[in-house]
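Read off the chains here:
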Amino acid sequence: MVHRIIEWSLRNRFIVLVLATALFAWGIYAVKKNPIDAIPDLSENQVIVFTEWMGRGPQLIEDQITYPLVTNLQGLPKIKYVRGSSMFGMSFIYVIFHDDVDIYWARERVLERLSTVSRTLPTGVSPQLGPDGTGVGHILWYTLDAPQMDLGEQRALQDWYVKFALQNVEGVSEIASFGGFQKQYQITVDPNKLLYYRLSVPEVISAIRTNNNESGGRKFEISDIGYIIKTSGYLKSADEIANIPVKTQNSIPIRVADVATVQMTGETRLGIFDQDGQGERVGGIVVMRYGENAAEVIDRVKAKMKEVSKGLPDQVKFDIVYDRGELIKESVDSIKHTLIEEMIVVSVVVIIFLFHWRSALSIIIQIPITLAASFLLLNAFGISSNIMSLTGIALAIGVIVDNGIIMSENAYKHLAERYASWQEQQKNQ
């Protein structure tokens, strides 16, 4: 079989050259389309289910949320195993699927099962899916350099302007905010005053929830003019909350301010983000969507940052603290230089040892064609250009050259023997 292929190739040199040129052009196209990253993504094919039930202990979370979810999610198709983790106020479920399962198909199956399981969970508990990213999806970290703004204003700017703008970038799964204070209205109830007015905490909560609402009315027509009647009761300030009546005793309304203190403050924090020992900062983490090109996503995020910067207040700018794009560029450039150096060294060695420029040229041509064609297989198997894959290609150059040298030497030897035999025949005649 091999002899026939070699014989056919020698008899149809033009076709072989055309096929090699087409393969090389196709490989160059595959090189441009192949995703570029610094490190290979070896994370499992998983879907994360996150459930929050604040104020409850880990054991209660385990019994009421984690265990019911794990037992129900184990029946999903094409699943390997399910992992559960319970902590104070939060539950995490990691649903691991087989590697050949499409991640979005897996997320749909998990959502279908959650729609039926949620009815068995405690009131007010709603499981949510995590971002469609992987464990190595953190491609860029940034902070806001805003020396003239307090941490609460910085966090508000991040959550209500920067985050929404960057989430629209193609390939971004999530913008996770960190640092600063999340503004909220806090109501601190005085138990002694509740006892004095014979009130309970649920009554205070119910009064606030009832007043922070909008009720619909009806359409009222008069003099051929239609009026839409509604009541708007959304709370807008701490004073409005303080003036909410909780109960009426002896024709006197008992307000929230009579039993509690209302103030705007930050949410309770479990940690801070300090940058270079210069103080706290507010920022975000860009999480890349599953299967995206990290280098292209980073470039698109940076371009969007330049656009968003035009709408930031004065003296506020982005400060990138972690950029995988630099690591990707340095890693890929290092491997590229190694490949070029190997190609040059191998070419020189082949020319010196064979001392036959046509044989050396046929071997040297194999190197770029084989390298370009290898990216067709990388794309077919969903492997990105990273340190590991490019290093494997660099190591394979020696095998490629060895095969070419062996075939060339073998052909050269047989041709020399035939030429010597032909010369002897000529002498004998």
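What counts as what
- Residues numbered from 1 in each chain as written.
- Predicted model: local features only at pLDDT ≥ 70, side-chain atom pairs only at ≥ 80, totals over all residues.
- Heavy atoms only, no water.
- Helix = DSSP H or I, 4+ residues; strand = E, 2+ residues; numbered from the N terminus.
- Rg over C-alpha atoms; globule rule 2.2 N^0.38 Å.
- Buried < 20%, exposed > 50% of the residue type's maximum accessible area, 1.4 Å probe, protein only.
- Contact = heavy atoms within 4.5 Å.
- Areas by Shrake-Rupley, 256 points an atom, 1.4 Å probe, with all protein chains shown as cover.
- Lys, Arg positive; Asp, Glu negative; His and termini not counted.
- Charge placed at Lys NZ, Arg CZ, Asp CG, Glu CD.
- 1 Å grid on protein atoms, 1.4 Å probe; cavity = no way out; pocket = protein on both sides within 12 Å on 5 of 7 lines; lining within 4 Å.
- Points joined across faces, edges and corners; volume = space filled by probe spheres on them.
- Core = buried A, V, L, I, M, F, W, Y, C linked by side-chain atoms within 4.5 Å.
- Domains from an automatic or database assignment.
- UniProt positions renumbered as here; feature names shortened; annotations may be inferred.
- pLDDT = per-residue confidence, 0-100.
- Axes fitted to C-alpha atoms, helices over the stretch in contact; angles between N-to-C directions.
- Parallel < 35°, antiparallel > 145°, perpendicular 65-115°, else oblique.
- Left-handed = near helix turned anticlockwise from the far one by under 90°.
- Nonpolar A, V, L, I, M, F, W, Y, C, P; charged D, E, K, R; others polar.
- Pairing = 2+ DSSP bridges.
- Polar contact = N/O pair within 3.5 Å; in protein donor to acceptor, adjacent residues only side chain to side chain.
- Patch = residues over 30% accessible without salt bridge, like charges linked within 9 Å, V, L, I, M, F, W, Y side chains within 5 Å.
- Salt bridge = Lys/Arg side-chain N within 4 Å of Asp/Glu carboxyl O.

1. So, the overall build of the protein chain
The helix and strand tally for the protein chain stands at 13 helices and 14 strands. Compactness check: the protein chain gives a C-alpha radius of gyration of 34 Å against a globular reference of 22 Å for 429 residues, more than 25% above the reference. Overall, the protein chain is about 140 × 60 × 55 Å in size when its C-alpha atoms are taken along their principal axes. The burial tally for the protein chain puts 33% of its 429 residues in the buried class. Considering only contacts in the protein chain between residues 6 or more positions apart, those separated by 24 or more positions represent 72%. Here the protein chain has roughly 27400 Å² of accessible surface; of this, 57% comes from carbon and sulfur atoms. Computing the positive centroid from 41 side-chain charges and the negative centroid from 47, the protein chain places the two 5 Å apart.

2. A look at the side chain of Gln158
By secondary structure assignment, the location of Gln158 is in helix H5 (residues 151-166). Ignoring anything within four residues of it in the chain, the contact list for Gln158 reads Tyr142, Leu144, Lys163, Ile175, Ser177, Val282, Gly283 and Gly284.

3. Looking at empty space enclosed by the protein
Counted under the stated rule, the structure contains one cavity of 30 Å³ or more. Considered as a void within the structure, the largest cavity measures approximately 50 Å³ in volume. What lines the largest cavity is simply Gln46, Val47, Ile48, Ile103, Arg107, Pro131, Asp132 and Gly133. Within the residue set of the lining of the largest cavity, elements represented by two or more residues are strand E1 (46-52) and helix H4 (103-117). It is E1 that contributes the most residues to the lining of the largest cavity, three residues altogether.

4. Quick notes on the nonpolar core
If you look at the biggest cluster of nonpolar residues, it comprises 45 residues, and the most contacted ones within it are Ile139, Tyr142, Val162, Val286 and Phe318. For this core, the secondary-structure elements that each account for two or more residues are strand E5 (138-145), H5, strand E6 (172-178), strand E13 (283-288), helix H10 (294-309), helix H11 (324-354), helix H12 (357-380) and helix H13 (387-428). Summarising the domain contributions, this core has at least three residues from each of domain 1 (1-33 + 328-428) and domain 3 (134-182 + 267-315).

5. What to know about the UniProt feature "transmembrane region" (unreviewed entry) in the protein chain
According to UniProt, the positions carrying the feature "transmembrane region" (unreviewed entry) are residues 339-356, 363-381 and 387-406. The distance separating the terminal C-alpha atoms of residues 363-381 is 28 Å; by composition the span is 95% helix and 0% strand. Helix makes up 100% of residues 387-406 and strand 0%, and the two end C-alpha atoms of the span are 30 Å apart.

6. Topic: the confidence of the model for the protein chain
Atom-level detail of predicted coordinates should not be read off regions where pLDDT is low. Averaged over every residue, the pLDDT of the protein chain is 85; the share at 70 or more is 99%. Averaged pLDDT values for the elements of the protein chain fall to 72 in strand E8 (residues 214-222) and rise to 93 in strand E3 (residues 90-97).

7. As for the packing of helix H3 (residues 58-73) against H4
Working note: a packed helix pair is described by the angle between its axes plus the distance between those axes. Look at H3 against H4: their axes get within 10 Å of each other, and the N-to-C directions meet at 130°. Here H3 lies oblique to H4, going by the angle between them. Like other packed secondary-structure pairs, H3 and H4 cross with a definite hand, here right-handed. Seen from H3, the contacting residues are Pro68, Leu69, Asn72 and Leu73; seen from H4, they are Val110, Arg113, Leu114 and Val117. Residues that form the contact of H3 with H4 fall into these classes: six nonpolar, one polar and one charged.

8. What about the sheet that holds strand E2 (residues 79-87)?
The strands that make up a sheet are held in pairs by hydrogen bonds between backbone atoms, and each pair lies either parallel or antiparallel. Reading across the sheet, the four strands line up as E2-E3-E1-E4 and stay open at both edges, with antiparallel pairing between neighbours. The sheet is open, and its two edges are formed by E2 and strand E4 (128-129), each paired on a single side. Its contacts with the sheet place H3 against E1, E2 and E3, and it is angled at close to 170° to E2.

9. Focus on the side chain of Gln154
Topologically, Gln154 is positioned in helix H5. Polar side-chain contacts of Gln154 include one of 3.1 Å to the backbone oxygen of Ala146. Ignoring anything within four residues of it in the chain, the contact list for Gln154 reads Leu144, Ala146, Met149 and Val282.

10. Overview of the layout of surface pockets
Considering only enclosed or pocket space, the largest pocket measures out at about 1900 Å³ in volume. Along its surface, the largest pocket is lined by 32 residues, and Ile6, Leu10, Ser362, Ser408 and Ala411 are the ones closest to its centre. Only helix H1 (2-11), helix H2 (13-33), H12 and H13 provide two or more residues apiece to the lining of the largest pocket. Here the lining of the largest pocket gets 10 residues from one element, more than from any other, and that element is H13. Residue classes in the lining of the largest pocket are distributed as 16 nonpolar, 12 polar and four charged.

11. A word on a nonpolar patch on the surface
On the surface, Ile340, Ile344, Val345, Val348, Val349, Ile352 and Phe353 cluster together to form a nonpolar patch covering roughly 700 Å² of accessible area. For Ile352, a relative accessible area of 56% corresponds to the exposed category.

12. Brief notes about the packing of H2 against H12
Between H2 and H12, the shortest axis-to-axis distance is 7 Å and the interhelical angle comes to 55°. Comparing their axes, H12 and H2 come out oblique. Crossing angle aside, the handedness with which H2 passes H12 is left-handed. Here Ala20, Leu23, Phe24, Trp26, Gly27, Ile28, Ala30, Val31 and Lys33 of H2 lie close against H12, whose contacting residues are Pro368, Ile369, Ala372, Ala373, Phe375, Leu376 and Asn379.

13. Digging into unusual backbone geometry
Located in the positive-phi region is Asn250, a residue other than glycine, with phi close to 55°. Locating Asn250 in the fold gives a position in the loop between strand E10 (245-249) and strand E11 (252-255). In this structure Asn250 comes out as exposed when scored by relative accessible area, which is 75%. Backbone geometry places Gln315, a non-glycine residue, at a positive phi of 65°.

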